[in-house]
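Structural description and commentary
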Amino acid sequence: MKLSTVAAGAATAAATAAGAAVSVLAIEGLLARRRRYLSADLAPPGSGVFGTGRPLRLALLGDSTAAGLGVLVTGETVGGRLAELLASTGRRVHLSSAAVAGSRTVDLDAQVARVLVHGVPDVAVILVGGEDAIAFTPLDVVEAELTATVRRLVNAGSAVVVGTCPDLGAARNFGQPLREIMAWSGRRVATASARAAAEAEAGVVDLAGRTGGVFRADGGTLSADGYHPSSDGYQLWALALYPLVYEASRTTSGQH
């Protein structure tokens, strides 16, 4: 058999395999979009007062995970869990949230405006990146938007902690191989976010690295839609975030 024939056959086989792979991904993407997800209207209230003592203003910004979609009560959200932990140290925590389901980093500017209208938070926690990973937002846009957001809050007087994109490979709503492609995209976004946040003087928590293994192993960390965290999942995130949030709370006056 001529080498040209072998080469042509190999090229045809490769093209066929590539076409099949693209078809599988397209089908998985369509199925993921058609799966039933929790409505944004089901997110619990994002505000509340926890504990007694010296006041502390805690604000959450970001996407549906910052809003607590997947649980029914404020105390089970990341913000609520953090507020309860801070309250246990003798603080009266005033929790608020500007987070909106579906938000990307480009949407954070408007959220900061809403937060600052009500006063400067002592500590601001940002959870964002999943939607950017799914939409393949250019990494330079992710970095620029997150840098601007953190700097705006820091310049206003807030201490900022950023939880980077979680492990999307743990999400049961994605089939394979789409799930691992989403995980790869999430890691890229998380790396870009961590770099931007650190340069802008925010504390950074690698949620995928700290909690991804547990989410992959335990389906109970996810809510009914297989995408948003459950109460247990948010508890894991809160525990991962808390050391830096606590340190941030100690550097603030609580007088904003």
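In what follows, the accompanying structure is described. Treat the numbers as computed from the prediction; the structure is a model and nothing was measured.

Looking at the environment of glycine 213
With respect to the helices and strands, glycine 213 occurs in helix H8 (residues 207-217). Note: C-alpha distance between glycine 213 and aspartate 167 (46 residues apart in sequence) is 8.4 Å.

Side note on the nonpolar core
Leu58, Leu82, Val93, Val125, Leu127, Leu241 and Val245 are the most contacted members of the largest nonpolar core, which totals 33 residues. Looking at this core, the elements that each hand over two or more residues are strand S2 (54-62), helix H2 (64-67), helix H3 (78-87), strand S3 (91-97), strand S4 (123-127), strand S5 (159-163), H8 and helix H9 (231-250). When neighbours within four sequence positions are excluded, valine 245 is seen to be in contact with Leu82, Leu86, Val123, Val125 and Val161.

As for the side chain of threonine 65
Along the polypeptide, threonine 65 turns up in helix H2. Since its relative accessible area comes to 11%, threonine 65 is described here as buried. Discounting chain neighbours no more than four positions away, the residues touching threonine 65 are Val78, Leu127, Pro229, Tyr234 and Trp237.

Considering the sheet that holds strand S1 (residues 48-50)
The strand order S1-S3-S2-S4-S5-S6 describes an open sheet built from 6 strands, whose pairing is mixed. Across the chains shown, the open sheet's two edge strands, defined by having one partner strand only, are S1 and strand S6 (203-205). Neighbour-to-neighbour, the strand axes of the sheet open up by a mean angle of 20°, direction not taken into account. Looking at chain direction, S5 and S6 are connected through 3 bridges and run parallel. Its bridge partner lying in S6, glycine 163 is registered against valine 205. Against the sheet, helix H4 (residues 108-117) contacts S2 and S4, and its axis sits at roughly 155° relative to S2.

The rules behind each value
- Residues numbered from 1 in each chain as written.
- Predicted model: local features only at pLDDT ≥ 70, side-chain atom pairs only at ≥ 80, totals over all residues.
- Heavy atoms only, no water.
- Helix = DSSP H or I, 4+ residues; strand = E, 2+ residues; numbered from the N terminus.
- Core = buried A, V, L, I, M, F, W, Y, C linked by side-chain atoms within 4.5 Å.
- Buried < 20%, exposed > 50% of the residue type's maximum accessible area, 1.4 Å probe, protein only.
- Contact = heavy atoms within 4.5 Å.
- Pairing = 2+ DSSP bridges.
- Axes fitted to C-alpha atoms, helices over the stretch in contact; angles between N-to-C directions.

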